[in-house]
Structures are given as structure tokens and as C-alpha cells.
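Listed here are the chains, written in short residue letters.
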Amino acid sequence: GEQTWLEEGFRRTDSLIAWCKARDMYVVLDLHAAPGGQGNDTGISDRDEDKPNLWESPANQDKTVALWGRLAERYKDETTVGAYDLINEVNYDLPGGVALRTLYGRIPPALRAVDQNHLSFIEGNWFANDFTGLTPPWDDNMSYSPHKYWSINDQASIQWVIDLREEHNVPIYFGESCENSNGWFQQATALFAEHNMVWAWWPWKKIDAIAGPVSVERTAGWQRLIDYWEDNATAPTAAEATTILFDLTEKLKLETARYQKDVIAALFRQNETDETV
């Protein structure tokens, strides 16, 4: 019945913010795995199916609200933190969006009691794109944040987002998009620019992939861990797993990973010019 905290998590977040501050980068704090898990997709929600999820547990909901209050208290004056993304990609049957709206409605009082500055991003149900029940806005400092994956890049595909913005006078932040091709990236970012919408790509580093700004080497050790997690191999020892993961960590560094300039060109240059470089 009490809210308790692991200070190590806040310490790591402080470290990340310090790195970004030194490089003039903004940080968006995104609750990517809410207490209990916010949906049925375990890969996204980090959910233990043997325990009550976010929507089945009032205690988990209370923890979510309390966590945002604690984060706001800690970072209320931190200008490197650009915004708070309250819950990532809910994917759960919530009729009429009532339960989602109710929980979202409890968070701003916890935030605004200490922090009037930071923008909050609101994602819809079903992987951020169902805003049923989430209008009209209930916070003076919020933005709607849909995601765009695997869809045609034309105005018709985002007309509902344009309508959401115009009807409620709320800015739009496409908080995730990726996984397609350079041609798709160019079309998407040009579309966002045409309609004055902010975007972010997810993620910027991938393992052995062409569809990201940076690709990381897939090592034999990493594949061994994947095979074990998929029940296709025996368990490594703790020492083996540690060695594999620290090796991968070294390869994650930008100086050892592969920087893919063609992806950057598609995102940032070719929505302005088709000049060959």
C-alpha cells in the first residue's frame, strides 16, 4: 500500500540527461513499460502474464500516477527534458477508452502540483492510434502523440490526425515511426513537414538491419542468447551471458557500429531536395 522506489533507476536517468545536456539534445521521458504492463503485447508492455496488468490492478494504476509525480518533482526545472510521454502504446480492450481516459486524467494533477513547465504527450489505445474517449483535452500543456507504421504516405492516411489537431487546437507529435524503406522514410517525413507535424524515429540503432540510422553487428553470442530465449538452445552460464552482453554493449558504440548515411539522407535531406550526393 506504499509507493517505494529504486533510486538506481533515477540515477541512470540522471546520467542519461547529463550526457544529452552536454550535447544539446532533448530527452523525452517515455513510460514504455507501465507498472504491470499496459497491454497484451508482452514485447511492448514488458508484462508478466501471471500477474495483474495495469488495467486489472488499482495498485498498478496508483503506482503509475505516483511515478509521474515523482519524476515531475525531480525534473521540473530540467530544461534538457523536453516532455513526458505518459504511457507508451497501450494495447488492451478498453471499451470507449473510458479506463484509459480515467487514468490519463489522474496524472496531470500529480504533474502540475509541482511542474507547470513540461509538455505531456498522450498516446491513444491500440498502439497509440485510437483516441476514442480521449477528447477534448484535459490539460493545458499536452500534445496528442500517434505513431505511424506500415501505412501509405498520403494526406488521407493522416487526415484523422489533422482533424484531431484542428478541432481541439492541440499540437501533434508522431512519437514513433520506422521499419520500412528509405523511400517510405522520405515520403513520411515530407508528409509530416508539409503539415507542420513533429516526428521522432524508433529506434535509431538496430541489430543487423538496414532500416535505421545505425546498425549494430549481430554476434554469434547474441544469436546464442536469442536461441536460448526462444527455447532452441541450452542456457548459457551467467559468466557467458555477461561476456556476450558486454561485447554487444561495446559494439553498440557509434564508433564501432555502422552509420548508414542513406537513412539519414532519406529522413533529413531528401524531403527538401532530390539532388544526388
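Nothing here was measured: the structure is a model prediction, and the numbers come from that model.

How do you make sense of the environment of proline 203 when you look at a structure like this?
Secondary-structure assignment places proline 203 in the loop between strand E8 (198-199) and strand E9 (205-207). Judged by its relative accessible area of 25%, proline 203 is partly exposed. Residues proline 203 and aspartate 163, spaced 40 residues apart in sequence, show a C-alpha to C-alpha distance of 28 Å.

Explain the sheet that holds E9 to me, please; I cannot follow it from the model alone.
Backbone hydrogen bonds are what pair the strands of a sheet, in a parallel or an antiparallel way. With mixed pairing, the three strands of this open sheet are ordered in space as E9-E10-E11. Strand pairing shows two members of the sheet lacking a second neighbour, E9 and strand E11 (258-259), which therefore form its edges. In the sheet, strand E10 (residues 214-216) pairs with E11 via two bridges, with the strands oriented antiparallel. Counterpart to valine 214 in the pairing with E11 is tyrosine 259.

Explanation requested: the nonpolar core in the structure shown.
Across soluble globular proteins, you tend to see nonpolar side chains buried next to one another. Core analysis: the largest hydrophobic core is formed by 52 residues, its most contacted members being Trp68, Tyr84, Leu86, Tyr144 and Phe185. With six residues, helix H3 (residues 58-75) is the largest single contributor of residues to this core. When near neighbours in sequence (up to four residues on either side) are disregarded, tyrosine 144 contacts Ile122, Phe131, Leu134, Thr135, Pro136, Pro137, Trp138, Leu164, Val170, Pro171, Ile172 and Tyr173. Listed in part, the nine residues of the second largest apolar core include Val214, Trp222, Leu225 and Ala241.

Looking at this model, I keep getting lost on a nonpolar patch on the surface. Mind explaining?
Together, Trp204, Leu254 and Tyr259 make up a nonpolar patch on the protein surface, roughly 340 Å² of accessible area in all. As for its position among the elements, tryptophan 204 is in the loop between E8 and E9. Note on tryptophan 204: relative accessible area 47%, which makes it partly exposed.

How do you make sense of the pattern of salt bridges when you look at a structure like this?
It is possible for side chains bearing opposite charge to pair when their charged atoms get close. Per the stated rule, a full pass over the model turns up 14 salt bridges. The salt bridge involving arginine 70 is made with glutamate 7; its shortest N-O contact spans 2.7 Å. Residue arginine 70 is located in helix H3, and its partner glutamate 7 is located in helix H1 (residues 7-22); the two are separated by 63 residues in the primary sequence. Here glutamate 7 falls in the partly exposed class, since its relative accessible area comes to 43%. Between lysine 251 and aspartate 247 there is a salt bridge, with its nearest N and O atoms 2.9 Å apart. Here the residue lysine 251 and the residue aspartate 247 both occupy positions in helix H9 (residues 238-252), the gap between them amounting to four residues, near one helical turn. Each of Glu7, Asp14, Arg70 and Arg74 takes part in a single network of salt bridges with overlapping partners.

How each quantity is defined
- Residues numbered from 1 in each chain as written.
- Predicted model: local features only at pLDDT ≥ 70, side-chain atom pairs only at ≥ 80, totals over all residues.
- Heavy atoms only, no water.
- Helix = DSSP H or I, 4+ residues; strand = E, 2+ residues; numbered from the N terminus.
- Buried < 20%, exposed > 50% of the residue type's maximum accessible area, 1.4 Å probe, protein only.
- Pairing = 2+ DSSP bridges.
- Core = buried A, V, L, I, M, F, W, Y, C linked by side-chain atoms within 4.5 Å.
- Contact = heavy atoms within 4.5 Å.
- Patch = residues over 30% accessible without salt bridge, like charges linked within 9 Å, V, L, I, M, F, W, Y side chains within 5 Å.
- Areas by Shrake-Rupley, 256 points an atom, 1.4 Å probe, with all protein chains shown as cover.
- Salt bridge = Lys/Arg side-chain N within 4 Å of Asp/Glu carboxyl O.

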